[in-house]
Amino acid sequence: VQLQASGGGLVQAGGSLRLSCAASGPIFSIAVMGWYRQAPGKQRELVAGITTGGSIDSANSVKGRFTISRDNTKNTVTLQMNSLKPEDTGVYYCNALGKTSWSSDFTSWGQGTQVTVSS
């Protein structure tokens, strides 16, 4: 299963960006889609994830500023990022966990997209 991410870029603090990710390939179901990020010198961390049923888990640092949404019919996930801060800077990776058949699981990562927030 391939994940194609788009969006990202350079924005001033307080601005907004929108990240989108589309999954393609032999998809039977996708249990969770989400976004992780990795800042220079730091470990990759969960930003937000959303299940098929719409349950959301997100980092405390983005609550109230970032919104994750998903279109189950199109296998897409979107991250709307508002009130961006310099500490949101990093490479953002789309992630999906699911099944390609009744008995085969998959975990896929997108190629990563750079988000840079200037102060």
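Look up: the structure comes first, before these words.
This is a predicted model, so every value here is computed, not measured.

**Here we look at the sheet that holds strand 3 (residues 17-24)**
And step 1. A sheet is described by the order of its strands in space; here 4 strands give the open sequence 1-3-8-7, paired in antiparallel fashion. If you trace the sheet from one side to the other, it starts and ends with strand 1 (2-7) and strand 7 (66-71), each paired once. Within the sheet, the average angular offset between the axes of one strand and its neighbour, ignoring direction, is 15 degrees.
And step 2. Direction of pairing for strand 3 relative to strand 8 (residues 76-81): antiparallel, over a ladder of 6 bridges. By the bridge assignment, Arg-18 is partnered in strand 8 with Gln-80.

**A few points about the nonpolar core**
And step 1. Judged by nonpolar contacts, the single largest core of 27 residues is most densely connected at Trp-35, Val-47, Phe-66, Val-77, Leu-79, Met-81 and Tyr-92.
And step 2. Sorting the residues of this core by element identifies strand 1, strand 3, strand 4 (29-38), strand 5 (45-51), strand 7, strand 8, strand 9 (90-99) and strand 11 (113-118) as the ones contributing at least two each.
And step 3. Ranked by residue count, the leading element in this core is strand 3, at 4 residues.
And step 4. What Met-81 contacts, discounting residues up to four positions off in sequence, is Gly-15, Ser-16, Leu-17, Leu-19, Arg-65, Phe-66, Tyr-92 and Val-115.

**A look at the environment of Asn-95**
And step 1. Along the chain, Asn-95 falls in strand 9.
And step 2. Considered as a pair, Asn-95 and Met-33 are 62 residues apart in the sequence and their alpha carbons are 5.6 Å apart.
And step 3. With sequence-adjacent residues up to four places away left out, Asn-95 is seen in contact with Leu-3, Val-32, Met-33, Gly-34, Tyr-36, Thr-107, Ser-108 and Trp-109.
And step 4. Polar side-chain contacts of Asn-95 include one of 3.3 Å to the backbone oxygen of Ser-108.

**Things to note about the pairing of strand 7**
And step 1. Side chains Phe-66, Ile-68 and Arg-70 project from strand 7 onto a buried face, and the interleaved Thr-67, Ser-69 and Asp-71 project onto a face without burial.
And step 2. Bridging between strand 7 and strand 8 involves 6 bridges; their strand directions are antiparallel. From the neighbouring strand, Ser-69 faces strand 8, where its bridge partner is Thr-78.
And step 3. Counted between consecutive antiparallel strands, the loop separating strand 7 from strand 8 contains 4 residues, among which Asn-75 sits at a positive phi close to 55 degrees.

**Thoughts on the state of the cysteines**
And step 1. Counted by the stated rule, this structure contains 1 disulfide.
And step 2. The disulfide partner of Cys-21 is Cys-94, and the S-S distance across this bridge is 2.0 Å. Taking the sign of the S-S torsion, about -90 degrees here, the bridge from Cys-21 to Cys-94 comes out left-handed. Linking Cys-21 in strand 3 with Cys-94 in strand 9, this pair joins segments that are 73 residues apart in sequence.
And step 3. Among the residues examined, Cys-94 registers a relative accessible area of 0% and is labelled buried.

**Side note on the packing of aromatic side chains**
And step 1. The full count for this structure, using the stated rule, is 2 aromatic pairs.
And step 2. On the numbers, 4.9 Å between centres and 55 degrees between planes, the contact of Phe-28 with Trp-102 is tilted. Taken together, the residues Phe-28 in the loop between strand 3 and strand 4 and Trp-102 in the loop between strand 9 and strand 10 (105-109) connect sequence positions 74 residues apart.
And step 3. Given the relative accessible area of 73%, Trp-102 is considered exposed.
And step 4. Pairing Tyr-36 with Trp-109 gives two aromatic rings, centres 5.0 Å apart and planes at 65 degrees, and the pair type is edge-to-face. Pair noted here: Tyr-36 is in strand 4 and Trp-109 is in strand 10, with a separation of 73 residues, a long-range link.
And step 5. Take Tyr-36: its relative accessible area is 25%, and that puts it in the partly exposed class.
And step 6. The lysine or arginine in question, Arg-44, covers the ring of Tyr-93, its NZ or CZ lying 3.7 Å from the ring centre.
And step 7. Over the ring of Trp-109 we find Arg-44, and its NZ or CZ is 4.7 Å from the ring centre.

Criteria and cut-off values
Residues numbered from 1 in each chain as written. Predicted model: local features only at pLDDT ≥ 70, side-chain atom pairs only at ≥ 80, totals over all residues. Heavy atoms only, no water. Pairing = 2+ DSSP bridges. Helix = DSSP H or I, 4+ residues; strand = E, 2+ residues; numbered from the N terminus. Axes fitted to C-alpha atoms, helices over the stretch in contact; angles between N-to-C directions. Core = buried A, V, L, I, M, F, W, Y, C linked by side-chain atoms within 4.5 Å. Buried < 20%, exposed > 50% of the residue type's maximum accessible area, 1.4 Å probe, protein only. Contact = heavy atoms within 4.5 Å. Polar contact = N/O pair within 3.5 Å; in protein donor to acceptor, adjacent residues only side chain to side chain. Disulfide = S-S within 2.5 Å. Phe/Tyr/Trp six-rings, centres within 6.5 Å; stacked < 30°, edge-to-face > 60°. Lys NZ or Arg CZ within 6 Å of the ring centre and 35° of its normal.

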